[in-house]
Amino acid sequence: MSRAVVLLSGGLDSSTTLGIAAKEYEELCALTFIYGQKHEKEIESAKKIASHYCVEEHKILNIPLSKIGRSSLLKNGEKIPEHQGENIGESIPSTYVPARNMIMLSYALCYAESIGADAVYIGATARDYSGYPDCRPEFFHAFEEMAEEGTERGLEGSPVKIKYPLIHMTKGDIVKKAHEIGVPLRWTWSCYKGEKKACGECDSCKLRLKGFEEAGIEDPIDYVEKDP
Ligand SMILES: [Zn+2]
């Protein structure tokens with residue numbers, strides 16, 4: 001049986017990545033983190049998506065990055081900024097969580113090597129993104145090299161593959177792909193705020209809405225209604 005580990009936050013990108021992994025591997029394990037983010041609404045989304053894909057095992061791990069890290073996405077961090085408008089991606093916003101992808105990929109690699117999985121999937125994209133340094137192809141190439149050097153599988157010549165299938169896709173491409181492969185988008189949660197409905201205003205909501213608009217598909221989740 002071929003097996004892969006998927007990092008699953010419960011958002012549009014990681015859920016689409018799980019859908020892609022489900023076409024490429026027979027057995028999937030998902031890994032979700034409670035890392036000290038301000039809200040845990042996305043964790044509920046991750047559980048529903050994982051169960052939709054009948055993952056073999058869905059691990060939800062606590063890693064309290066809020067105790068050492070500084071970011072507006074973390075508890076005790078400053079207020080989450082409003083949308084950056086046209087400047088999105090030009091500078092690194094306060095929602096960047098230091099070294100988050102490095103830490104999460106390291107956990108995923110530990111898990112994958114331990115259970116005999118051949119790949120780790122992460123739903124990062126370097127198009128239509130917030131400018132986070134650990135979402136760029138250069139970072140993933142460097143991580144692949146590290147995984148080859150720093151694991152038993154690597155030294156034996158069969159390193160765990162690091163897969164980031166969305167890296168060159170726009171948000172529109174991602175929504176189209178998700179729609180095409182039947183990802184249950186109504187359960188995904190992207191908003192930085194953990195309220196009943198998505199705010200429609202934060203960077204993450206704006207990028208998501210742009211994706212649906214480009215794809216010509218209606219976003220099935222509820223948004224806070226704006227004043228006319
Ligand atoms: Zn939002």
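Structure shown above.
Residues numbered from 1 in each chain as written. Predicted model: local features only at pLDDT ≥ 70, side-chain atom pairs only at ≥ 80, totals over all residues. Heavy atoms only, no water.

Notes on the pattern of salt bridges
Here's step 1: Scanning the entire structure with this criterion turns up 13 salt bridges.
Here's step 2: Put simply, K59 and E57 hold a salt bridge, and the shortest N to O gap is 4.0 Å.
Here's step 3: Close ionic contact of D118 with R153 constitutes a salt bridge, the shortest N to O distance being 2.9 Å. Pair noted here: D118 is in the loop between helix 3 (100-115) and strand 4 (119-121) and R153 is in helix 5 (residues 152-155), with a separation of 35 residues, a long-range link.
Here's step 4: Overall, D118 belongs to the partly exposed group, its relative accessible area being 28%. (Salt bridge = Lys/Arg side-chain N within 4 Å of Asp/Glu carboxyl O. Helix = DSSP H or I, 4+ residues; strand = E, 2+ residues; numbered from the N terminus. Buried < 20%, exposed > 50% of the residue type's maximum accessible area, 1.4 Å probe, protein only.)

Focus: the coordination of the zinc ion
Between any two of four tetrahedral donors, the ideal angle at the metal is 109.5 degrees; between two of six octahedral donors, it is 90 or 180 degrees.
Here's step 1: Looking at the zinc ion, one finds its protein donor set to be C191 (SG), C199 (SG), C202 (SG) and C205 (SG), positioned 2.3 to 2.4 Å from the metal centre.
Here's step 2: Coordination at the zinc ion comes from four donor atoms whose angles at the metal span 102 to 118°, giving a geometry best classed as tetrahedral.
Here's step 3: All donors of the zinc ion belong to a single chain; written as a sequence motif, their spacing is C-x7-C-x2-C-x2-C. In this structure, C199 and C205 share a single accessibility class: buried. (Donors = N, O, S within 2.8 Å, 3.2 Å for Na, K, Ca; no water. Tetrahedral: all angles 85-135°; square planar, octahedral: opposite > 155°, others 65-115°.)

Quick look at the layout of surface pockets
Here's step 1: Reported here for the largest pocket is a volume of approximately 210 Å³.
Here's step 2: The wall of the largest pocket is formed by K41, E44, S45, K48, R186, W187, T188, W189, K196, K197, I221 and D222.
Here's step 3: Its residues assigned to classes, the lining of the largest pocket comprises three nonpolar, two polar and seven charged. (1 Å grid on protein atoms, 1.4 Å probe; cavity = no way out; pocket = protein on both sides within 12 Å on 5 of 7 lines; lining within 4 Å. Points joined across faces, edges and corners; volume = space filled by probe spheres on them. Nonpolar A, V, L, I, M, F, W, Y, C, P; charged D, E, K, R; others polar.)

Thoughts on empty space enclosed by the protein
Here's step 1: Counted under the stated rule, the structure contains one cavity of 30 Å³ or more.
Here's step 2: The space that makes up the largest cavity amounts to roughly 870 Å³.
Here's step 3: When residues of the lining of the largest cavity are traced back to their parent elements, those giving at least two are helix 1 (12-24), strand 2 (27-34), helix 2 (41-52), helix 3 and helix 7 (203-215).
Here's step 4: Tallying contributions element by element places helix 7 first for the lining of the largest cavity, with four residues.

Here we look at the side chain of N101
Here's step 1: Secondary-structure assignment places N101 in helix 3.
Here's step 2: Polar contacts involving the side chain of N101 include one to the main-chain carbonyl oxygen of D134, which spans 2.8 Å.
Here's step 3: The contacts of N101, once residues within four sequence positions are left out, are I122, D134, C135, F139 and F140. (Polar contact = N/O pair within 3.5 Å; in protein donor to acceptor, adjacent residues only side chain to side chain. Contact = heavy atoms within 4.5 Å.)

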